[in-house]
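Below, each chain spelled out in residue letters.
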There are 2 protein chains.
Amino acid sequence: MAEKVSFDTQISGRVRIATESDVPHLHKLMYQMAKYHDYTKVFNATEASISTNLFNSNNPCPPFYSVTTFILEVSPDTFPQKTTKNSIFDPILKTINLDSPILDPELELFNTDEHNNVFVAGYVLFFPSYSGYFEKPGFFIENMYVRECYRKYGFGKMLFSAVASQAVKMGFTKVDWLTVGWNNNAIDFYLGMGAYIMGDVKRFRLSGEGLDAFATSDRGC
Amino acid sequence: MAEKVSFDTQISGRVRIATESDVPHLHKLMYQMAKYHDYTKVFNATEASISTNLFNSNNPCPPFYSVTTFILEVSPDTFPQKTTKNSIFDPILKTINLDSPILDPELELFNTDEHNNVFVAGYVLFFPSYSGYFEKPGFFIENMYVRECYRKYGFGKMLFSAVASQAVKMGFTKVDWLTVGWNNNAIDFYLGMGAYIMGDVKRFRLSGEGLDAFATSDRGC
């Protein structure tokens, strides 16, 4: 079926909350993002770990109170309008007219629905953050990724906008994220969105053996 | 009573999970931290907002699954050994011998218990973080503060160690935090702890009117 798909004259995007059935696609997207950042040597997420961390039914926190993922899907067809009432998150839809066709070399890998022309194109992963300085919490965006062939159409902005909308809906007053210093494309994109760069920061980490050693280093009494 | 208190020969520290009764002290500590970072112009946390954000009984997430705060208390007396079983977090205790006395100019302000010589000296505020690159989650430390007269005795390390211990207990594999670039004291302290600096990053934020505008900018279909 997928051979027949082509994004010739238009492409529709849909941002919806991820479910456990998205895990195989999420894993592929996460690996692609790690590859883009030259992080594959430390990448150790598995489909099982993603299921556990994002969709464990024992986690007492509902979406938006802990780690939450939105999926970006695309289709050459227009998505049906949202019909559900009182859902936790109403999908966001957008259709773009194309000047030239989009060719997706990984169409089969990212097909979400065999009966419809719907393909996963990206994701954003975020969680609530809170600083003692401010009256209101915010969201922190940890990962945002759009597959290469779907870039430059505004889908990244659509993912950010979905998080920003949810933040506003919850009375939150900020959305923060980090960018590696060398990624000028991303930096220009974020500045163009109206985001601003906070003062110079350094990011610290304790992990692995250093974390284990430290965890037990200062418990004497 | 507090006039009688003096830290002459020893000081004991206790790190325990914060409760709603700590809010007035937490608010004072948060303001002091904002002052240290020259952030008082944007500081708008109130006792009410801290109660809502940290201790709202409607929040479905238990401690460690969302924003969590540990309080550092000090006393010239030795704290009683922990006796509770199966508590959510066993307090961490430590006693230090002093070469010279400690004078706390704000002793009355930070008294936690009128019947005991117990005073709030600092806090750490953190929440779970998760990246799609890794099998396991981590904690992100948003705020860590020790009042000035209690610095250089290892209490900051004790707060970090408490978070690191909890991370290890939960099977997490990292603890991350940011430091402003000008704070060389903090940078040296963290490097001395065995933490490492991740690659160069920029911190972005969407907030205020920029956030509101962005949240509604891209919802067309």
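This text follows the structure it describes.
From a predicted model like this one, the values you see are computed outputs, not experimental measurements.

Parameters and conventions
The numbers attached to residues start from 1 for each chain and follow its sequence in the written order. To read the labels, note that chains go from A and ligands from 1, taken in the order they are written. Selection of residues for local features in this predicted model requires a pLDDT of at least 70, selection of side-chain atom pairs for listing and counting requires 80 or more, and totals for whole chains, interfaces and linings are taken over all residues. By convention in this description, side-chain values take in all heavy atoms of the structure and omit both hydrogens and water. Throughout, a disulfide means two cysteine sulfur atoms within 2.5 Å of one another. Labels follow the DSSP assignment, with helices taken as runs of H or I lasting at least four residues and strands as runs of E lasting at least two, numbered in each case from the N terminus. The classification of residues rests on relative accessible area computed with a 1.4 Å probe and restricted to protein chains. Under 20% of the type maximum is buried, over 50% is exposed, and intermediate values are partly exposed. Between two residues, a contact is recorded if the distance between any of their heavy atoms is within 4.5 Å. Accessible-area loss on putting two parts together, using a 1.4 Å probe and summing over both, is the definition of buried area adopted here. By definition, a salt bridge exists where a carboxyl oxygen of Asp or Glu is found within 4 Å of a side-chain nitrogen of Lys or Arg. Distance and chemistry together define a polar contact, namely a pair of N or O atoms within 3.5 Å, with one atom able to donate a hydrogen and the other to accept it when in protein, and with adjacent residues in sequence counting only for side-chain atoms on both sides. Each direction from the helix axis to a C-beta atom contributes to the arc, which is the arc of those directions. Joining through side-chain atoms within 4.5 Å is the link that ties buried Ala, Val, Leu, Ile, Met, Phe, Trp, Tyr and Cys residues into a set, and such a set is a nonpolar core. We call Phe, Tyr and Trp rings a pair once their centres come within 6.5 Å, taking the six-membered ring for Trp, and we label the pair stacked below 30 degrees between planes, edge-to-face above 60, and tilted otherwise. Both a distance and an angle decide whether a charge sits over a ring: NZ of Lys or CZ of Arg must be within 6 Å of the ring centre and within 35 degrees of the ring normal. The definitions used throughout rest on a 1 Å grid laid over the protein atoms alone, on which a cavity is an enclosed set of points accommodating a 1.4 Å probe that cannot get out and a pocket is an open set flanked by protein within 12 Å on both sides along at least five of seven lines; lining residues are those having an atom within 4 Å of a point. Grid points are joined across faces, edges and corners, and a volume is the space filled by probe spheres set on the points. Asp, Glu, Lys and Arg are counted as charged, while Ala, Val, Leu, Ile, Met, Phe, Trp, Tyr, Cys and Pro are counted as nonpolar; the rest, among them Gly, fall into the polar class.

## Comments concerning the state of the cysteines
Move 1: Counted by the stated rule, this structure contains one disulfide over all chains.
Move 2: The disulfide partner of Cys61 of chain A is Cys61 of chain B, and the gap between their sulfur atoms is 2.3 Å. Of this pair, Cys61 of chain A sits in the loop between helix H2 (47-55) and strand E2 (68-75) while Cys61 of chain B sits in the loop between helix H2 (47-55) and strand E2 (68-75), on two different chains. Both residues of the pair, Cys61 of chain A and Cys61 of chain B, count as buried.

## As for the interface of chain A and chain B
Move 1: Taken together, the contact pairs 85 residues of chain A with 85 residues of chain B.
Move 2: For the pair chain A and chain B, the two sides together bury roughly 8100 Å², of which 60% comes from carbon and sulfur.
Move 3: If you look at where chain A meets chain B, you find four salt bridges.
Move 4: For Arg203 of chain A, the salt bridge is made with Asp176 of chain B, and the minimal N-O distance between the two is 3.6 Å.
Move 5: Across the contact surface, chain A and chain B share 32 residue pairs in polar contact (both at pLDDT 80 or more).

## Some thoughts on helix H4 (residues 184-192) of chain B
Move 1: By the burial criterion, the buried members of H4 of chain B are Ala186, Ile187 and Tyr190 of chain B. One face of H4 of chain B carries all of its buried residues, which in axial projection span an arc of 100°. H4 of chain B presents Asn185, Asp188 and Gly192 of chain B as exposed residues on the side facing more than 90 degrees away from its buried surface.
Move 2: Packed against the buried residues of H4 of chain B are strand E9 (201-207) of chain A together with strand E6 (138-146), helix H3 (155-169), strand E7 (174-180) and strand E8 (196-197) of chain B.
Move 3: Positive phi appears at Gly194 of chain B, one or two residues downstream of H4 of chain B, with a value of about 100°.

## Re the nonpolar core
The tendency in soluble globular proteins is for nonpolar side chains to be buried as a group.
Move 1: Leu26, Leu54 and Tyr123 of chain A together with Leu26, Leu54 and Tyr123 of chain B are the most contacted members of the largest nonpolar core, which totals 50 residues.
Move 2: Listed by contribution, the elements that provide at least two residues to this core are helix H1 (23-36), H2, strand E5 (118-129) and strand E6 (138-146) of chain A together with helix H1 (23-36), H2, strand E5 (118-129) and E6 of chain B.
Move 3: With residues near it in sequence (within four places) discarded, Leu54 of chain A still touches Leu26, Met30, Val67, Thr69 and Leu125 of chain A together with Tyr130 of chain B.

## Section: the packing of aromatic side chains
Move 1: In the structure shown here, the tally under the stated rule is 46 aromatic pairs over all chains.
Move 2: Ring geometry for Phe140 of chain A against Phe140 of chain B: centres 6.1 Å apart, planes inclined by 20°, an arrangement best described as stacked. Note that Phe140 of chain A is positioned in strand E6 and Phe140 of chain B in strand E6, a pairing that runs across two chains. As far as burial versus exposure is concerned, Phe140 of chain A and Phe140 of chain B are alike and both buried.
Move 3: Aromatic ring contacts, followed pair by pair, group Phe64, Phe70, Phe89, Phe126, Phe139 and Phe172 of chain A into a single cluster.
Move 4: Geometry around Tyr36 of chain A places Arg151 of chain A over its ring, the cationic atom sitting 5.4 Å from the centre.

## A look at the pattern of salt bridges
Residues and elements named next belong to chain A.
Move 1: For the structure on display, the rule yields 16 salt bridges over all chains.
Move 2: Here Arg147 and Glu106 are joined by a salt bridge, their closest N and O atoms 3.4 Å apart. In this pair, Arg147 sits in the loop between E6 and helix H3 (155-169) while Glu106 sits in the loop between strand E3 (92-97) and strand E4 (111-113), placing the two residues 41 residues apart along the sequence.
Move 3: Exposure remark for Arg147: the relative accessible area of 1% places this residue in the buried category.
Move 4: Here the salt bridges do not stand alone but share partners, grouping Arg14, Arg16, Asp22 and Glu73 into one network.

## Regarding empty space enclosed by the protein
Move 1: For the structure shown, the criterion picks out two cavities of 30 Å³ or more.
Move 2: Put simply, the largest cavity is a space of about 50 Å³.
Move 3: Elements supplying a minimum of two residues to the lining of the largest cavity: strand E7 (174-180) of chain A together with E6 of chain B.
Move 4: Of the residues assigned to the lining of the largest cavity, the class counts are three nonpolar, one polar and four charged.
Move 5: Forming the boundary of the second largest cavity are Phe140, Glu142 and Arg203 of chain A together with Ser129, Phe140, Lys174 and Asp176 of chain B.
Move 6: Elements represented by at least two residues in the lining of the second largest cavity include exactly E6 of chain A together with E7 of chain B.
Move 7: Its residues assigned to classes, the lining of the second largest cavity shows two nonpolar, one polar and four charged.

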